[in-house]
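Listed below are the residues making up each chain.
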Amino acid sequence: MIYALKNADFIRITDENALFYGGAQSWFADGFSQNGGCGVVAAANILAYLALSDEKYSALYPKKTFSKSDFTAFMTEIQDFVRIRNFFGKPLGVWGKRRFERGVLSYAKSRGIELSAASAKCKGAADFIKASLLEDKPVAMLIGLNNRLKKVRCEYPSGGAVFGSFERHWVTITELIADGEKIMLKVSSWGAAAYIELSDFIEGERLYSALISFK
């Protein structure tokens, strides 16, 4: 059984001949944001998808196109609301759930839209993700210390792939595939798509995790 967003492309971002599956923190201009901006990107992904998928949310994405340059500018605007923690000049990312929620809701309010947040922990994760996707709402996933997700393959729509660690990382869930007891999640990270097992997220977690959606 597949539970997926209605738009199969999620957010198709373009840059000349390159295509991307959502935004990427490497597009920020400064090293601080490049190293700690995954939560900002997840927030931008969700807000842009809401605007793309439902007219009542259209004000959430004020840019004219989904070019890489326009989406990067949008991510930079979101960063004023979804703030990266700073520890003596070093980025700690958007930590944790409440900071992320407050930032997204504050940005939406600044655009004249009232959103509400819903969240879940590991218990009940599958049901929460299914329900959100059935409502055509992406899910932000915060992965804490997790030794099962240290090396994940992410594939770009236009070809090529990158491997990276999902520890202490935000991704955006766009699809859930249930095959018996095995549940796979399709997520957006670094402008690419990756597949991870939900059991790795749940059983490998050693510190903090969260699942959040908005409507």
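The structure we're discussing is the one just above.
Let me sum up the structure you'll find in this document.

1. Digging into helix α2 (residues 38-53)
No. 1: Taking 1.5 Å of rise per residue, 16 residues should cover 22 Å, and α2 covers 22 Å from first to last C-alpha, within 8% of that figure.
No. 2: Across the 16 residues of α2, 14 count as buried, placing the element largely inside the fold.

2. Considering the pattern of salt bridges
No. 1: Applying the stated rule across the entire model yields 7 salt bridges.
No. 2: Two residues, E101 and K97, come together in a salt bridge whose shortest N-O distance is 3.2 Å. Separated by 4 residues within a single helix, E101 and K97 lie in helix α4 (residues 97-110), roughly one turn from each other.
No. 3: Between D200 and R148 there is a salt bridge whose closest N-O contact spans 3.2 Å.

3. Examining the environment of S199
No. 1: Looking at where S199 falls in the secondary structure, it is placed in helix α6 (residues 198-203).
No. 2: Residue S199 is classed as partly exposed on the basis of its relative accessible area, which comes to 26%.
No. 3: The spacing of S199 and Y3 is 196 residues in sequence and 17 Å in space, taken between C-alpha atoms.
No. 4: Every residue in contact with S199, bar those within four places of it in the chain, is listed here: R148 and G204.

4. Here's the deal with a nonpolar patch on the surface
No. 1: Among the surface-exposed residues, F87, F88 and L92 lie close enough to one another that they form a single nonpolar patch of about 400 Å² accessible area.
No. 2: Assignment of secondary structure puts L92 in strand β5 (residues 90-93).
No. 3: Using a relative accessible area of 47% as the deciding quantity, one classes L92 as partly exposed.

5. What about the pairing of strand β11 (residues 182-189)?
Along any regular strand the residues' side chains alternate between the sheet's two faces.
No. 1: Of all 8 residues in β11, 7 are buried; the element is thus mostly enclosed.
No. 2: Alignment of strand β10 (residues 169-179) against β11, held across 7 bridges, turns out to be antiparallel. Bridge pairing links I173 to V187 in β11.
No. 3: Counting the residues in the hairpin turn of β10 and β11 gives 2 residues, including G180, whose phi is positive at 65°.
No. 4: When β11 meets strand β12 (residues 192-197), the two strands line up antiparallel, connected through 6 bridges. Within the sheet, the bridge partner assigned to M184 lies in β12 and is E197.
No. 5: Linking β11 to β12, which pair antiparallel, is a turn of 2 residues; within it W190 sits at a positive phi near 55°.

So, how was this worked out
Residues numbered from 1 in each chain as written. Predicted model: local features only at pLDDT ≥ 70, side-chain atom pairs only at ≥ 80, totals over all residues. Heavy atoms only, no water. Helix = DSSP H or I, 4+ residues; strand = E, 2+ residues; numbered from the N terminus. Expected span 1.5 Å × (residues − 1). Buried < 20%, exposed > 50% of the residue type's maximum accessible area, 1.4 Å probe, protein only. Salt bridge = Lys/Arg side-chain N within 4 Å of Asp/Glu carboxyl O. Contact = heavy atoms within 4.5 Å. Patch = residues over 30% accessible without salt bridge, like charges linked within 9 Å, V, L, I, M, F, W, Y side chains within 5 Å. Areas by Shrake-Rupley, 256 points an atom, 1.4 Å probe, with all protein chains shown as cover. Pairing = 2+ DSSP bridges.

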